[in-house]
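Read off the chains here:
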Amino acid sequence: MEVSHTMLAIFLAPLYILINIYIVRWMILWMGACTHFFQTFAFRACFAGVYIFLSTSLLTCFLIRKPPALHRFLKNTANYFQGTFLYILIVIVTTDLCRLILRHTLHPAWMYSRKAFVVTGAVCTLLIIGVSLYGIFNQWNIKTKTYDVKIDKQVKGMDSLKIVLLADIHFGYSIGEKHARLLVKKINAEDPDLICIAGDIFDNEYEGIKNPKKTAAILRSLKSRYGVYACWGNHDLSEPILAGFTFRNAKKDYDDPRMRNFLESANIRLLDDETVLIDKRFYLTGRKDPSRCRKMSDTRKDPDQLTACLDKTLPIIFMDHQPGQLDEVAAAGADLDLCGHTHDGQLFPLNIITGLVWENSCGSLKKGTMHNIVTSGAGIWGPNMRTATNSEICSITVHFYPARPNSSDPS
């Protein structure tokens, strides 16, 4: 896997350079058509220098590791630039295609004028800036999505169970203490019975967390009746990232013990292909992530292996980072399957692609008697913005049906 990522990155590097030359060319031409200030050599040279710095930050943040403050600055710069670059490319390519179509079909005289070129460039610039700023601020706007689920099982002394599901926090360079505080406030406001974190707690590089001890301390203030449980995701391992491509660090093992220690310090119990019987009322199973297993030459149990010894008259809740094997999980007897991973695309037009890849890319889907719920994620990966989807936690009220009359849930 590491070799294929390396080869793909090498193959795409010349294409990335050509795309940036294409972008800079149009920007320089537009400046040349604007007022005298934009036409000056000094301004255009300054612009070109800034753009080169931004566009190469994807590589420089990977190569320059010290001093740590410089590495962090370059990493954050790259994370912001990735998203903006996507929209620069989309807007310029779309505008260029429209120009070519008009030129070869309608032949409007106005499109050859300097004024039309200047106005078009200004509109494109404002659109790119507006979408980027929206995405940057929107990723901090954590919403609460609510679900009501009915399970056809009786639970002694309990009519309902409130679960808060979150996934894809990606603690690292972009996500840290501030995000942790927002999450704790949101989650505690729901007064949950159970908190489930369905993987991708970390963003590959543990060093990216600016203050892990303080962040873990913030998470310790999460409140729930039955505790906080988590399973691993595909990014919960030690692996450097270059522009979204992961590379194996030969000096380190994938399994970073600091990640496990972080969870213990935060009072989060990891379920790694394990099942716990909570309060003798319901089961909670946390699955290993298939991508993580492949990289670590590990194996994970099939759904029916995980439920073989369980009392299926009790509710069975699964946590699985990636929303795959839905039919197999349902056939194994699970009543509720909680997932993440997809981010629901995070950015337009990636949200369209995820909808084609996954049977349930976000939201609720019923498979037989099993309910599958996929969250769009509480954090971000890669580009430091959300334009097509929202950061969220899911507040899930599970109703046990048929409910027993006049029952209560003793504290």
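Our subject is the structure listed above.
Residues numbered from 1 in each chain as written. Predicted model: local features only at pLDDT ≥ 70, side-chain atom pairs only at ≥ 80, totals over all residues. Heavy atoms only, no water.

Undergrad: Just to check I follow, could you spell out the pattern of salt bridges for this structure?
TA: Opposite charge on two side chains makes pairing possible when the charged atoms of those side chains draw close. Under the criterion given, the structure shown has 21 salt bridges. Note that R258 and D256 form a salt bridge whose closest N and O atoms lie 2.8 Å from each other. In this structure, the salt-bridge partner of D320 is R287, at a minimum N-O distance of 3.2 Å. Linking D320 in the loop between strand 10 (316-319) and helix 11 (326-331) with R287 in the loop between strand 9 (282-286) and helix 9 (290-295), this pair joins segments that are 33 residues apart in sequence. Exposure remark for R287: the relative accessible area of 0% places this residue in the buried category. (Salt bridge = Lys/Arg side-chain N within 4 Å of Asp/Glu carboxyl O. Helix = DSSP H or I, 4+ residues; strand = E, 2+ residues; numbered from the N terminus. Buried < 20%, exposed > 50% of the residue type's maximum accessible area, 1.4 Å probe, protein only.)

Undergrad: I tried to follow a nonpolar patch on the surface on my own but got confused; where do I start?
TA: Together, F53, L59, L63, I64, L70 and F73 give the surface a local cluster of nonpolar side chains, amounting to about 530 Å² of exposed area. Of all the secondary structure elements, the ones that give two or more residues to the nonpolar patch are helix 3 (41-63) and helix 4 (68-104). Ranked by residues supplied to the nonpolar patch, first place goes to helix 3 with 3 residues. By the element assignment, F53 lies in helix 3. For F53, a relative accessible area of 35% corresponds to the partly exposed category. (Patch = residues over 30% accessible without salt bridge, like charges linked within 9 Å, V, L, I, M, F, W, Y side chains within 5 Å. Areas by Shrake-Rupley, 256 points an atom, 1.4 Å probe, with all protein chains shown as cover.)

Undergrad: Mind showing me how you'd approach the environment of I195 here?
TA: Relative to the elements of secondary structure, I195 occurs in strand 3 (residues 194-198). With 35 residues separating them along the chain, I195 and A230 place their C-alpha atoms 8.4 Å apart. Those residues within four positions of I195 in sequence are excluded, and the remaining contacts are V164, L166, I187, L222, K223, S224, G227, V228 and Y229. (Contact = heavy atoms within 4.5 Å.)

Undergrad: I would appreciate a short explanation of empty space enclosed by the protein in the present structure.
TA: Rolled over the atoms, a probe with the dimensions of a water molecule shows which regions are left empty. All chains considered together, the criterion is met by 3 cavities of 30 Å³ or more. Computed from the structure, the second largest cavity encloses a volume of approximately 40 Å³. In terms of lining, the second largest cavity is formed by L166, I169, L183, I187, I197, L219, L222 and I268. Taken together, the residues of the lining of the second largest cavity break down into 8 nonpolar, no polar and no charged. (1 Å grid on protein atoms, 1.4 Å probe; cavity = no way out; pocket = protein on both sides within 12 Å on 5 of 7 lines; lining within 4 Å. Points joined across faces, edges and corners; volume = space filled by probe spheres on them. Nonpolar A, V, L, I, M, F, W, Y, C, P; charged D, E, K, R; others polar.)

Undergrad: For this particular structure, what's the right way to read the environment of G172?
TA: With respect to the helices, strands and loops of the structure, G172 is situated in the loop between strand 2 (160-166) and helix 6 (177-189). When the C-alpha atoms of G172 and T342 are compared, they prove to be 18 Å apart, with 170 residues separating the residues in sequence.

Undergrad: I keep staring at the nonpolar core and nothing clicks. Help me out?
TA: As a rule of thumb, soluble globular proteins bury nonpolar side chains together. Core analysis: the largest hydrophobic core is formed by 32 residues, its most contacted members being L166, F171, F202 and L219. At the level of secondary structure, the elements contributing two or more residues to this core comprise strand 2, helix 6, strand 3, helix 7 (212-219), strand 4 (228-231), helix 8 (257-265) and strand 7 (268-270). Among the elements that take part in this core, helix 6 stands out by supplying 4 residues, more than any other. If you look at the next biggest cluster of nonpolar residues, it comprises 29 residues, including Y229, C231, F282 and I373. (Core = buried A, V, L, I, M, F, W, Y, C linked by side-chain atoms within 4.5 Å.)

Undergrad: Where do I start with the layout of surface pockets in this structure?
TA: Within this model, the second largest pocket holds a volume of roughly 1000 Å³. Counting only elements with at least two residues in the lining of the second largest pocket, the list comes to helix 1 (2-33), helix 3, helix 4 and helix 5 (114-138). For the lining of the second largest pocket, the leading source of residues is helix 4, giving 12 residues. When its residues are assigned to classes, the lining of the second largest pocket shows 27 nonpolar, 7 polar and 3 charged.

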